[in-house]
Amino acid sequence: MSKPSDLVQGTLDVLILKMLALEPMHAWAIGARLKQVSREVLQVSDGSLYPALHKLEQEGWITSEWKASDNNRRAKYYQLTRPGRRYLEREVANWDRLAGAITTVLKLKDV
């Protein structure tokens, strides 16, 4: 199982922003969705998720508001902002470039 420390610096931020690009969510739902779509490879602890959400909100890339969750409990829902969407687009392009370069290196044949 990957831990946030196993991820490239800043990757958790991009993963959270991607989840919020799909729909507004509360923190528990973000973690559950990441776990689900990664087939349980990515499991983010509360100790990593909440500081990342706080940082993203401080940067202005997400906003939050308190609402009732599906089970009628009060939860803080996070939503992507326009600057957050632009940042996400740039970071996804950077990730694609970096992942392509790493893949190219790893596929080199031994001599």
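Residues numbered from 1 in each chain as written. Predicted model: local features only at pLDDT ≥ 70, side-chain atom pairs only at ≥ 80, totals over all residues. Heavy atoms only, no water.

**Overview of the packing of helix α2 (residues 27-37) against helix α3 (residues 46-59)**
We apply this condition: Only the stretch in contact is used when fitting a helix axis, every axis being a line fitted to C-alpha atoms; angles between N-to-C directions are given from 0 to 180 degrees. To qualify as a helix, a DSSP run of H or I must reach at least 4 residues; to qualify as a strand, a run of E must reach at least 2; elements of each kind are numbered from the N terminus. In this scheme, a crossing is called left-handed if the near helix is turned counterclockwise away from the far one by less than a right angle; it is called right-handed if the turn is clockwise. Any two residues whose heavy atoms approach within 4.5 Å are treated as being in contact.
It is the contact of α2 with α3, at a shortest axis distance of 11 Å, that shows an interaxial angle of 115 degrees. As for how α2 packs across α3, the hand of that crossing is right-handed. On α3, the residues touching Ala27, Ile30 and Gly31 of α2 are Leu49, Tyr50 and Leu53.

**A closer look at the pattern of salt bridges**
Operational definition: When a carboxyl oxygen of Asp or Glu lies within 4 Å of a side-chain nitrogen of Lys or Arg, that pair is called a salt bridge. When accessible area is computed with a 1.4 Å probe and restricted to protein chains, residues below 20% of their type maximum are described as buried, those above 50% as exposed, and intermediate ones as partly exposed.
Under the criterion given, the structure shown has three salt bridges. Of the charged contacts in the structure, one is a salt bridge between Lys55 and Asp13, with a shortest N-O distance of 2.4 Å. Of this pair, Lys55 sits in helix α3 while Asp13 sits in helix α1 (residues 11-22); the two residues are 42 residues apart in sequence, bridging distant segments of the chain. The shortest N-O distance in the salt bridge between Glu57 and Lys76 comes to 4.0 Å. Linking Glu57 in helix α3 with Lys76 in strand β3 (residues 74-80), this pair joins segments that are 19 residues apart in sequence. Residue Glu57 is classed as partly exposed on the basis of its relative accessible area, which comes to 27%. With a relative accessible area of 28%, Lys76 lands in the partly exposed category.

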